[in-house]
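Examination of the molecular architecture
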Amino acid sequence: MAANYYPYSEFTRVWIPDPDDVWKAAEITRDYKEGEAVLHLRLEDETPLEYPVGPKTNPLPFLRNPDILVGENDLTALSYLHEPAVLHNLRVRFLESNHIYTYCGIVLVAINPYEQLHIYGDEVIRAYSGQNMGDMDPHIFAVAEEAYKQMSRDERNQSIIVSGESGAGKTVSAKYAMRFFATVGGSANDTNVEEKVLASSPIMEAIGNAKTTRNDNSSRFGKYIQIGFSRRFHIIGANMRTYLLEKSRVVFQAEEERNYHIFYQLCAAGSLPEFKELSLTSAEDFVYTSLGENIFIEGVNDAEDFRKTREAFTMLGVKESSQSSIFRIIASILHLGNIEIFSERDGESCHISTDDLHLQHFCRLLGVEMQQMEHWLCRRKLVTASETYVKNMSSKQATNARHALAKHIYARMFDWIVEHINVALHTSSKQHSFIGVLDIYGFETFEVNSFEQFCINYANEKLQQQFNSHVFKLEQEEYMKEQIPWTLIDFSDNQPCIDLIEARLGILDLLDEECKVPKGTDQNWAQKLYKQHGSSAHFQKPRMSNTSFIILHFADQVEYQCEGFLVKNRDTVYEEQINILKASQFQLVADLFQEKGDAVPSKSSKINIRAAKSVAKTQNKEHRKTVGHQFRSSLHLLMETLNATTPHYVRCIKPNDEKEAFSFDSRRAVQQLRACGVLETIRISAAGYPSRWTYPDFFSRYRVLMKKSDIMSGNKKLVCKNLLETLIKESDMFQFGKTKIFFRAGQVAYLEKLRADKFRAACIKIQKTVRGWLQKVRYRKIRKSAITLQRYGRGYMARRHAEFLRHSRAALICQKQYRMVRDRRAYRRVRRATVTIQAFTRGMFTRRIYQEFLLHHKAMIIQRCVRGWLQRIRFRRARNAAIVIQCGFRRVRAKRQLQHLKIEARSAEHLKKLNTGMENKIVQLQRKMDDQSKDLRSQNVQLQTVNVSLGSEVNKLQKVLEQMRSQQGDGGQLTSLQEEVERLKKELQEAHAQAKRLGEEHSSEKLGLQQRVEELEKENSLLKTEKEEINRRIVQQSKSSEENVSSVTLQAELDEERQRYQNLLKEFSRLEQRYDNLKEEVSLTKFHPGHRRNPSNQSSLGSDSNFPSISTSEVGDTEDSIQLVEELGVEKAAMDISLFMKLQMRVRELEQERKRLQAAVDKTEELAKRKGSETRSPTSDQETADLAYNNLKRQELESENKKLKNDLNELRKTIAGRASKDNSSNELQDGYNVLLSQLKAANEELDARKEEVLILRTQIVSTAQLLEEKEQRETTKVPEENSNMEPVDSEEALRAYRGLCESKNHHQDWWYLNEDGELGLAYQGLKQVARLLETQLQTQSRQHTDELEALNTQIELLKDDIEKKQEILNYTMSLSPEAQVEYSIQQEITRLTNDNLDLKELVEKLEKNERKLKKQLRIYMKKVQELEGSQAAAQISRSKPELIRQVTVQRKEKDFEGMLEYYKEDEGQLIRTLINDIQPSSVSATVPCLPAYILFMCIRHADYINDDQKVESLLTSSINTIKKVLKKNNEDFEMTSFWLANTSRLLHCLKQYSGDEAFMTQNTAKQNEHCLKNFDLAEYRQVLSDLSIQIYQQLIRVAEGIIQPMIVSAMLESESIPSLAGMKPMGYRNRSSSMDTDSGGPTSYTLQALIRQLGQFHATMRDHGLDPEIVGQVVRQLFHCINAITLNNLLLRKDVCSWSTGMQLRYNTSQMEEWLRGNNLYQSKATASLEPVIQAAQLLQVKKKTSQDAEAICSLCSALTTQQMVKILNLYTPLNEFEERVTVSFIRDIQNRLQDRNDPPQLLLDTKQTFPVLFPYTPSALSLETLHIPASLCLDFLVRV
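In this text the structure is predicted, and so the values were computed from the model without any measurement. (Residues numbered from 1 in each chain as written. Predicted model: local features only at pLDDT ≥ 70, side-chain atom pairs only at ≥ 80, totals over all residues. Heavy atoms only, no water.)

1. Quick word on unusual backbone geometry
- Located in the positive-phi region is Phe 11, a residue other than glycine, with phi close to 75°.
- Within the secondary structure layout, Phe 11 lies in the segment before strand E1 (13-18).
- Its relative accessible area of 56% is what places Phe 11 among the exposed residues. (Helix = DSSP H or I, 4+ residues; strand = E, 2+ residues; numbered from the N terminus. Buried < 20%, exposed > 50% of the residue type's maximum accessible area, 1.4 Å probe, protein only.)

What follows is the structure, encoded as structure tokens:
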């Protein structure tokens, strides 16, 4: 098979040289035979080419690699290793896939993209941390991780060498490497060393970087940073060494270049107040910053960079004073460059003007004397053996001396800053190991190359030598480890070139020797070089120059100009100028130029670290070291350090000189690849066995070339050997190692061709078979169709003939029938026409007669209607007139009757009530008359004794006459009074009848209104039913649609707030852990949170709530209800109009009554005073009448007040009843609340009126007593009869009724009837009674009106409500279905929230008040019981044996309360037994969360005995002990899960038995009795909640740590579907030294192992009794971790982005989903966490060609960002020739379609993201009194209570 294979055959692709693109692709069109002079080719543009071939002049072109190998991560994986293959692979990766990193063996090639890429975030660092170097895509982080891993494993110092030419990105690469170390190896304490290390970068960039023509931020010095690590591999310090600062840039810059950044930054900030003294203006005004003619860099803000520089100084501990001194020195350099030096006439001397402003600023800023500086800037001192001379300098010499001084000042300041950075980064701790990062200039060649380029290229020669030896060493070690025979690989050694430079009498020695000559020149040095090294192979003399020389470096030959070599090597500064600076008044300036000895070697490092530049000890020029000597010494020190470490190489490539993003110039790239040693690495690799396969990978890849018997064999190593010996005949083309097979260059391509041919042959055979089968199927189908067509054709012909016969017979029949029908139709037509004519004629005559009758009938109707209308008009006019007359007459009569009724109603009832009193009066008067008669008889007896004889007869006649008169008078008066009484009775009866009639009307109308209200309520209920039905439909519609946006927003905000809080807890835990690590010997500070305690000695009969306890039993007490409503607040209720108007009217009436009574009292007092001097008997009678009237009025007011209160109570009861019936609407309840608030105000007014009534009663009683005493005194006197006296008192008493008396105009009759005043008082009382009746009627009518108004108002409110609901309904129906759902839900949420929350809160507060009352009652009862048993308890001994009993035996004879009692001294044992020493397995057979129940039962007993110290101590100790246990077992998942379950259960118990209504809804009656009595443990609940969150976070951390090593292997690498995955050729990086091959390689996990581990987690949490909701959240978090790590690895690994991996990944995710379903966890949102990786798997599987495919991909991958999709498409790699790569145009199409997406810029998922945990309240159904404690726990000191 191998004998017939020749590589240069037809269709073979090759590389040919090209002057523009360096290499061009072509294809062979004709087989080439050895010895032919021409190779026939066809270029990619189809152009034919005859390529000449010669054995010596033009060898055969390089062969191209198969397409499957193009774009590999490692260049050594290419089958053909040569320059065009390397260049093409880099170009494809850079331009098509935008990959800037590529491995080339041990070298990382980094191409500068000139664009900011999002591949350096913290999530990328975490993704690369802990990974082997070949497992992930090439990255600077992978190299850094390799170095860190080898340092920690081998305990050997490491170095990362970053090189490349200016603008290639060396500084950025070194910065990212240090950032990786700072993140991964962060300091273990709070010193923040890693931040200081990173903070040194802005400072060094400011003082050491500048803009060049090739780079805007070019490092003009080399630096080597050593990052020190402790034994635990945490950063503890750092040290920096610098090399060859480009001092000449301070005084000269080429066009379009800038000076160091710090000058421009300081000028940009010169306007700040603190920098005013620097006297800085724009950088254009200074010579040293304007030579490049462009002081700006596009996209750079110098002021902002200066702010960062100052912050970095502060971070590194540089004081503000030192910073100010540094800025003064920098500003002084700028002013020094602007000092003007004027030449004298002789040309040999010069001077500086004393008025030079810049000189003044320079001297002031440096604190030196201006005269001396001005003097020595223009002069120099010459010292001879005998004398010292001062010599003037020319203007040019003075300018050079000024430039030298400026460079020297800047160099000294640079060294001082570096020294202080090292001091800030130095640590006193012992350094265990270090990693060095070398950022040094690459090989440079310009048109004019001087001393700096010579030193740079010399350094690169040394580094290249070290690189070559290291690569060779690794290759030989690999061969030796695999135990294969090897021969010495020849590689180019550049030692001769190095000897040319640094050997004895080399270039540097000759340069130093020439510098020592007093008058040495560059030309003399050049001649010495020509003479000494003219015969050297690496040294050449230019033909056209005598002042330059050429050195043949390893990368290229470089011509150096000798001019300036001596000056730069001497680096001479005049001693006089330095002495002036040493005398500066500023200490920093003076210290800057003090000579120091060689630095003392550091003792903290294994490698001696010395200063990069040695400083001369004395001023003697003979002992001063030159720059070349210093550089050579520091370079040797660097090489010693690198040789003592394990190096890692990063080669930075500049893709183009225009700084364009992702633009690749092949010529520039090849030039740098040759210079940086990449091609040398390729050459060394190609000289041996570059392609290497492990036996399993080779077997998997090439098993298609094996026989079936070989495949089934178990010894894969033997099978591979047999196969190779069969396929490749030349045994030297491969070697078998211990674990790998080594191939020569091109052999893998040959095997790939054989594999492809095998597949192609198999495909051809499959195609042949399938095509034959398809043709057979097609033939059978055609034959069957032909037979079917013939059968159907014959049948069709027979059917057509039969049809013809039927048609012929049918035609005859049709003709016969047609003729018959035609004649019949003609007859019928004639007959029908005749009948029609007759019918129309008869109809016409009939219609004419009908029209005549119709006209007559209409005329009669019109006449009848008109006559009726006229008669109705007359009737209506007459009736209206009669009605008007009747109305007028009836109105007059009604008015008269009304007045008559009013007059009669005023006196009738009162007269009736006073009848009894008047009879008593008559009896009293009769008795009085009898007494007077007795006195008269006694006097008559006396008179008779005196005048018996003369007056007996006269007296007898007079007596008879008086008796007769009195009898006549009494009879008439009695008759009139009786008539009056009868009349008043009639009026009273009529009034009662009218009141009864009005009451009936009122009741009937009220009944009608009630019916109307019921109808409205029914209608309202119907509307509510309709509304509920509509809402139900809307809700059903919303269930089928997506989730509501508002609820999603609320949930997102809630999750965000919860996430923020839990992150704070996580940070608190981290800080607490750090505190514990720093002070392990100090015990944990106990937490003493305060807890609220209800005072046991106070009654809690009053409610604490904002809402009062209002019940129907309390409605009767108005004052209590008002007090409760006052707490409610008026603003929370609505307005009850009817009762409010009623109360207002009643208040006005009471106010008027108060005024009347006050006036009556005042009048009574005046009468009392007046009666003191008057002694008339009618006054006593009048006062008695007034007293009776006042008593009557008081009784009336009291009765009316009681009636009003009863009405109010009834109204309240009615409203309360309605409110209880209709709980869905709280309008009546709100009205009721406001009604009570108004009632309070009314009752207050009534109280005031009551007090006034009592005062009046007291005054009336006192007045009555005074009048009685006066009557008793006056009854003893003889009454004087004076008929002419006017009744003044009665007139006073009846003044209020004067108008009524005048209207009747019966003054004489009145006074005639009211001689003694008593009848008048009686009549007055009757009229008052009538007035009261009228008032009552008016009150009833007003009440009736108010009720009507209230009902009407309620009706209007209901109508408005209905209208509003109708409007809402109409508006809702007019919206779209989505808007209907949103609007309806918002309306319903608003209404239900306002209604239900208020009602529920009110009910909860009422029930809470009731519970508190019951609780207090139970507390008092228990206290009484405790008090009774206290004496007995005091006598019982507290010996422990009495408390010991077998707790596992249930004592049914006692009713336990679910509490456990323990003594205070047993608390430590309880905590130790229950928390410290307990193991989850010991309680696995008991009730889940048993420790939590036991702790809570102990807490219950402490609460029961009201011992707050015991509660506080137990809870605090438990919490602190749990924290200690978790800290001790911080990697134990089972223990963490166990205490998470117990902590959450204890939290639920504290909630369930807290007594809060919200937590008692699911409790049983017995559980409600077990609620806590005395303590409110809400603060401890918060502490337990925080502890639960911390335990949850620890559980997630432990679980993620367990499964994280399994994820990548199980999800991406294991073959869940056997024989599906294919292998590709891999490069050197799969031989990474970071792999621990001695231990058997990395552990491989399968998907089943991962699922088993998840199952163990789930079973453990379930067995521990963890709530299912929390279990679901844990699983969701773990699935997020699986998704993030899997997707991140997929995005960072090119080898797994293939179709077969997508199939495997989809199968694996389906297995994970199946596991979720099997464990009832599918609803835990864990499936949604896998959505990104599922879509990534689908993206790998779908077609990726057409625009339809692009559209489908955009709609499919909704969970992936645009950047992730593009990355996967770029990484997609076909595993064989039959697959195609994704084209660039297709990827651009995807980007264009997704450009409107607002995706985050991060490429990778955050593996550390944690979802906020929520602990839902889950009450326990377990009764505490039934809980059993196993004896194995040894808790016998606990006593059940």
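Read on for the rest.
2. Focus: the sheet that holds strand E5 (residues 62-63)
- Strand order in the open sheet formed by five strands is E4-E3-E2-E1-E5, with antiparallel pairing between adjacent strands. Two strands in the sheet have a free side with no partner beyond their single neighbour: strand E4 (48-52) and E5.
- Packing of helix H1 (residues 83-96) onto the sheet brings it into contact with E1, strand E2 (22-28) and E5, and relative to E2 it is tilted by some 100°. (Pairing = 2+ DSSP bridges. Contact = heavy atoms within 4.5 Å. Axes fitted to C-alpha atoms, helices over the stretch in contact; angles between N-to-C directions.)

3. Quick notes on the environment of Ile 1607
- In this fold, Ile 1607 is placed in helix H42 (residues 1578-1613).
- Considered as a pair, Ile 1607 and Ile 1682 are 75 residues apart in the sequence and their alpha carbons are 6.2 Å apart.
- Setting aside its immediate chain neighbours within four residues, Ile 1607 contacts Leu 1612, Cys 1681, Ile 1682, Ile 1685 and Thr 1686.

4. A short note on the packing of helix H44 (residues 1668-1692) against helix H45 (residues 1699-1718)
- Look at H44 against H45: their axes get within 13 Å of each other, and the N-to-C directions meet at 180°. Between H44 and H45, the crossing angle belongs to the class labelled roughly antiparallel. Between H44 and H45, the contacting residues are Val 1675, Phe 1679, Ile 1682, Thr 1686 and Leu 1690 on the first element and Leu 1705, Met 1712, Trp 1715 and Leu 1716 on the second.
- Here the contact of H44 with H45 is composed, by residue class, of eight nonpolar, one polar and no charged. (Parallel < 35°, antiparallel > 145°, perpendicular 65-115°, else oblique. Nonpolar A, V, L, I, M, F, W, Y, C, P; charged D, E, K, R; others polar.)

5. Considering the pattern of salt bridges
- For the structure on display, the rule yields 34 salt bridges.
- Between Arg 42 and Glu 27 there is a salt bridge, with its nearest N and O atoms 2.7 Å apart. Here Glu 27 lies in strand E2 and Arg 42 lies in strand E3 (residues 38-43), a separation of 15 residues in the sequence.
- Judged by relative accessible area, which is 27%, Arg 42 ranks as partly exposed.
- According to the relative accessible area criterion, Glu 27 is partly exposed, its value standing at 22%. (Salt bridge = Lys/Arg side-chain N within 4 Å of Asp/Glu carboxyl O.)

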